Amino acid sequence: MYPMLKFNAHLGFQFNELPFLQRIEAAAAAGFRAVEFPSPYEFDASLLADHLAQYNLPLIQFAAPAGVTKGIAALQGNEQEFREGLREAARYAKALNCSDVHIMSGVTTPQDESALAYTNNLEYAVKYLEDQGLRTLIEVISPQAMPGYYLSDFSKAQQVLETFTSVGLILDLYHAQLLTGDAAGVLAQFYDRTVHVQIADNPGRHEPGTGTMDFAGLFAALEQRGYRGWIGCEYRPSGTTVASLEWLKPLLKP
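Quick look at the structure, then. (Residues numbered from 1 in each chain as written. Predicted model: local features only at pLDDT ≥ 70, side-chain atom pairs only at ≥ 80, totals over all residues. Heavy atoms only, no water.)

**Details of the packing of helix H7 (residues 183–190) against helix H8 (residues 215–224)**
The contact between H7 and H8 brings their axes to 10 Å, and the two run at 15 degrees. For the element pair H7 / H8, the angle class is roughly parallel. Judged by the twist between their axes, the crossing of H7 over H8 is right-handed. Two secondary-structure elements touch here, H7 through Ala183, Ala184 and Leu187 and H8 through Leu218, Ala221 and Leu222. When the residues that make up the contact of H7 with H8 are grouped by side-chain class, the tally is six nonpolar, no polar and no charged. (Axes fitted to C-alpha atoms, helices over the stretch in contact; angles between N-to-C directions. Helix = DSSP H or I, 4+ residues; strand = E, 2+ residues; numbered from the N terminus. Parallel < 35°, antiparallel > 145°, perpendicular 65-115°, else oblique. Left-handed = near helix turned anticlockwise from the far one by under 90°. Contact = heavy atoms within 4.5 Å. Nonpolar A, V, L, I, M, F, W, Y, C, P; charged D, E, K, R; others polar.)

Structure representation (structure tokens):
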């Protein structure tokens, strides 16, 4: 049953019953073999690295500092803050042995000169992170989930991916379904640039099986295409996190 697929915990959404550092242990105890979380900066990098190593959990990806606007890449006039954040992200990436850094565009207003700022900042980020041996990731986030988010449709993402050939896509199938009603079609269109997949069911953004999305079909499509990346469980558990994992138990690798 999908023997090639690998699922990781998302510690921003799962195990929230626990203080953050205890979530790492809980993820390992639940059978996960990798984790992701967007913002490690609240903790000392060496402390996080020790916890991840203790439970043998690689960190799949995290975001550059995002501020209160869910990212600053598309905010005009924030270039210095953005570049300082990249330096901090690179420091954490090396300490945590994680090569993928998500550049969040941020929440903007119609008055912002977002397109130019985003392109210029992303160009700088791609070059800077490549020089550090790291890879830039982007993700489309639906306005239903994050109103005002600049990178909120796949046409913008397509332009980015055509412009920056080394950039990888985080494909969140929940956002794809919200935006298009056809997560499978988005997966087919963007598969070649997808380096990480995230999942949650729609409606509700809970675990698979609580909504109407065809995860059997989506997982089969990933398996058939030979997907070797991780699938992040970025959903809000409908009950406790452990109770929400019943669907996943047959799919977790020993």
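**Points about the nonpolar core**
Within the largest apolar cluster, 87 residues are counted, with the highest numbers of intra-cluster contacts made by Phe7, Ile103, Ile138, Ile199 and Phe219. Apart from the residues lying within four places of it in its own chain, the contact partners of Phe7 are Phe32, Ile199, Phe219, Trp230, Ile231, Cys233, Trp247, Leu248, Leu251 and Leu252. (Core = buried A, V, L, I, M, F, W, Y, C linked by side-chain atoms within 4.5 Å. Buried < 20%, exposed > 50% of the residue type's maximum accessible area, 1.4 Å probe, protein only.)

**Re the pairing of strand E7 (residues 194–199)**
Along E7, five of the six residues are buried, which leaves the element largely enclosed by surrounding structure. Relative to E7, strand E6 (residues 168–172) is paired through four bridges, and the arrangement is parallel. Within the sheet, the bridge partner assigned to Leu169 lies in E7 and is Thr194. Sheet topology note: the E7/strand E8 (residues 230–233) ladder contains three bridges and is parallel. When the sheet's bridge partners are listed, Gln198 is paired in E8 with Gly232. For the segment spanning E7, H8 and E8, crossover handedness is right-handed. (Pairing = 2+ DSSP bridges. Right-handed = clockwise from strand over helix to strand, strands pointing away.)

**Brief notes about the pairing of E6**
The element E6 is extensively covered by neighbouring structure, given that five of its five residues are classed as buried. Alternating residues of E6 divide into Gly168, Ile170 and Asp172 and Leu169 and Leu171, and every residue in both groups is buried. Note that strand E5 (residues 135–139) and E6 share three bridges and pair parallel. Bridge pairing links Ile138 to Leu169 in E6. Traced from E5 through helix H5 (residues 154–163) to E6, the parallel crossover comes out right-handed.

**Describing the pattern of salt bridges**
All told, the structure shown has six salt bridges when counted by the stated rule. Asp172 is the partner of Arg205 in a salt bridge, and the nearest nitrogen-oxygen pair spans 4.0 Å. Residue Arg205 is located in the loop between E7 and H8, and its partner Asp172 is located in strand E6; the two are separated by 33 residues in the primary sequence. Look at Arg205 and you get buried, because its relative accessible area is 7%. Taking the relative accessible area as the measure of exposure, Asp172 reaches 2% and is therefore buried. The salt bridge partner of Arg205 is Glu234, with a shortest N-O separation of 3.7 Å. Of this pair, Arg205 sits in the loop between E7 and H8 while Glu234 sits in the segment after E8; the two residues are 29 residues apart in sequence, bridging distant segments of the chain. We classify Glu234 as buried; its relative accessible area is 9%. Shared partners join several salt bridges into a network, and the residues in it are Asp172, Arg205 and Glu234. (Salt bridge = Lys/Arg side-chain N within 4 Å of Asp/Glu carboxyl O.)

**Observations concerning the sheet that holds strand E2 (residues 35–36)**
Ordered by their spatial adjacency, eight strands build an open sheet running E2-E1-E8-E7-E6-E5-E4-E3, and the pairing between neighbours is parallel. If you trace the sheet from one side to the other, it starts and ends with E2 and strand E3 (62–63), each paired once.

**Digging into the packing of helix H3 (residues 79–95) against helix H4 (residues 114–131)**
To describe two helices that pack against each other, one gives the angle between their axes and the distance between the axes. Running from N to C, H3 and H4 point in directions that differ by 25 degrees, and their axes come no closer than 11 Å. With respect to H4, the element H3 is oriented roughly parallel. Note on packing geometry: the crossing formed by H3 with H4 is right-handed. Residues Glu79, Phe82, Arg83, Leu86, Arg87 and Ala90 of H3 touch H4, and the partners they reach there are Asn121, Tyr124, Ala125, Tyr128 and Leu129. The residue inventory of the contact of H3 with H4, partitioned by class, reads seven nonpolar, one polar and three charged.

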